[in-house]
Amino acid sequence: MTTEKNEAKTLFMMDYYQRPFYLLHQEHAQTFTHYDFIKPHSIRNRFWQLIPRDEYPSEEGRVYLNSYLNSVEAELAKQMRKLSLAYCLHLYRRLSPGPVGQDQQPRTIGLTRAVLEAAIQKYARFQLCNKIANSATIPIEKVLSGLLMAPEFEAERKIIAQGNQLVLTDFTNIDLLSFYELEKLAYEIWRTAAALRTTGKGAPLIVCDPPDCFIDGRSPELDFLVTNYDQRIDKSGLSHSASGVVFSNENEMSAAGFVFLPIYNLGGVTGKDYKKLLSKM
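Residues numbered from 1 in each chain as written. Predicted model: local features only at pLDDT ≥ 70, side-chain atom pairs only at ≥ 80, totals over all residues. Heavy atoms only, no water.

Draft legend 1. Geometry of the pattern of salt bridges. In the structure shown here, the tally under the stated rule is 11 salt bridges. Notably, a salt bridge pairs arginine 53 with aspartate 209, separated by 3.1 Å at the nearest N-O pair. Placement of arginine 53 in the loop between helix H2 (42-48) and strand E3 (54-56) and of aspartate 209 in the loop between strand E6 (205-207) and strand E7 (214-216) is noted, with a sequence separation of 156 residues between them. The exposure class of arginine 53 is partly exposed, given its relative accessible area of 37%. Here arginine 218 and aspartate 216 are joined by a salt bridge, their closest N and O atoms 2.8 Å apart. (Salt bridge = Lys/Arg side-chain N within 4 Å of Asp/Glu carboxyl O. Helix = DSSP H or I, 4+ residues; strand = E, 2+ residues; numbered from the N terminus. Buried < 20%, exposed > 50% of the residue type's maximum accessible area, 1.4 Å probe, protein only.)

Put into structure tokens, the structure is as follows:
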């Protein structure tokens, strides 16, 4: 928002993918009408249907959990090796963070995203795949499988023409589905690691029917300790970056001004939530 001669003007910054992505998500919803973002990845039932339903002591349960963890990571690595590092990061950083499992807490969304980003760095190949390219090296008809050639995307074509940048090429709503399935695998890794954490403290593992397939049998006392610790971590909030840069509290505002830093919107914060802060500024 800028002010000039007492007139407020709103500036919108748009990239080439934003409106096409909205359309691709609409097509995804229409094509895969029964797709459930919360439903577990099929690998969960495939693995645990081979394990007898029972309650297993901690050490035995952890053997099954580690075996499942290896299976999930192997599948994630297999799919990721087909894709390039540039494609995965370019796409994933343009998809809004959201839940892909039963646990929909912001902390879980962030941890799941961190798992997939780590897998991208570990398994994706450095060479560009056929799904991404420099815009200066391809005709505009190749971007987003030709989607930008529609009359309503004239603004996006002009954006790409302004300078060379990485753009998605061979990409459709099918690729969106494939990437969300990768994110579900990342969720399975998070969920298994959470079970390993609790069984490592002595809780048994309970193998049950789908969709859960496995849960920990923690005691009320252990549940209190685990949830209490997690709640204290959540209350601490975001106070520093990965490189150690410390963020001051908004209550310490001064006339020196502010620098806004981009972070994942894990909690679904809207512009209304910033209204009080911006008015104070």
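What follows picks up the thread again.
Draft legend 2. Structural detail: the layout of surface pockets. Taken as a whole, the second largest pocket spans an internal volume of roughly 630 Å³. Contributing to the lining of the second largest pocket are 25 residues, with Asp103, Trp190, Ala194, Asp216 and Arg218 lying nearest its centre. It is helix H7 (residues 173-199) that contributes the most residues to the lining of the second largest pocket, eight residues altogether. Of the residues contributing to the lining of the second largest pocket, the split by class is nine nonpolar, six polar and 10 charged. (1 Å grid on protein atoms, 1.4 Å probe; cavity = no way out; pocket = protein on both sides within 12 Å on 5 of 7 lines; lining within 4 Å. Points joined across faces, edges and corners; volume = space filled by probe spheres on them. Nonpolar A, V, L, I, M, F, W, Y, C, P; charged D, E, K, R; others polar.)

Draft legend 3. Summary view of a nonpolar patch on the surface. A surface patch of nonpolar side chains, amounting to about 390 Å² of accessible area, comprises Phe260, Val269, Tyr274 and Leu278. Relative to the helices and strands, leucine 278 resides in helix H9 (residues 275-280). (Patch = residues over 30% accessible without salt bridge, like charges linked within 9 Å, V, L, I, M, F, W, Y side chains within 5 Å. Areas by Shrake-Rupley, 256 points an atom, 1.4 Å probe, with all protein chains shown as cover.)

Draft legend 4. Expanded view of the side chain of lysine 184. The topology assignment puts lysine 184 in helix H7. On the basis of relative accessible area, lysine 184 is assigned to the buried category, the value being 4%. In contact with lysine 184, other than residues within four places in its own chain, are Tyr35, Asp36, Phe37, Lys39, Pro40, His41 and Val100. (Contact = heavy atoms within 4.5 Å.)

Draft legend 5. Highlighting the side chain of threonine 112. Its place among the elements puts threonine 112 in helix H5 (residues 106-123). Classification of threonine 112 by relative accessible area gives buried; the value is 2%. Beyond its immediate sequence surroundings of up to four residues, threonine 112 is in contact with Val100, Glu183, Ala186, Tyr187 and Trp190.

Draft legend 6. Up close: unusual backbone geometry. A cis amide bond links proline 210 with the next residue in sequence, proline 211, at an omega value of 5 degrees. Position of proline 211 relative to the elements: it lies in the loop between E6 and E7. Of note in this structure, cysteine 213 is not a glycine but carries a positive phi near 70 degrees. We classify cysteine 213 as buried; its relative accessible area is 2%.

Draft legend 7. Layout of the packing of aromatic side chains. Taken as a whole and judged by the stated rule, the model has 15 aromatic pairs. Judged by centre distance (5.5 Å) and plane angle (50 degrees), the rings of tyrosine 92 and phenylalanine 179 are tilted. Of the two residues, tyrosine 92 sits in helix H4 (residues 85-92) while phenylalanine 179 sits in helix H7, which places them 87 residues apart along the sequence. Since its relative accessible area comes to 2%, tyrosine 92 is described here as buried. For phenylalanine 179, a relative accessible area of 2% gives the class buried. By way of ring pairs, the aromatic residues Tyr16, Tyr17, Phe21, Tyr87, Tyr92, Phe171 and Phe179 are connected into one cluster. Note that arginine 113 overlies the ring of tyrosine 264, its terminal NZ or CZ placed 4.4 Å from the centroid. (Phe/Tyr/Trp six-rings, centres within 6.5 Å; stacked < 30°, edge-to-face > 60°. Lys NZ or Arg CZ within 6 Å of the ring centre and 35° of its normal.)

Draft legend 8. Broad picture of helix H3 (residues 58-80). Spanning 23 residues, H3 covers 32 Å between terminal C-alpha atoms, matching the ideal 33 Å at 1.5 Å per step. Every buried residue belonging to H3 is among Ser58, Gly61, Leu65, Tyr68, Leu69, Val72, Leu76, Ala77 and Met80, and all of these are buried. (Expected span 1.5 Å × (residues − 1).)

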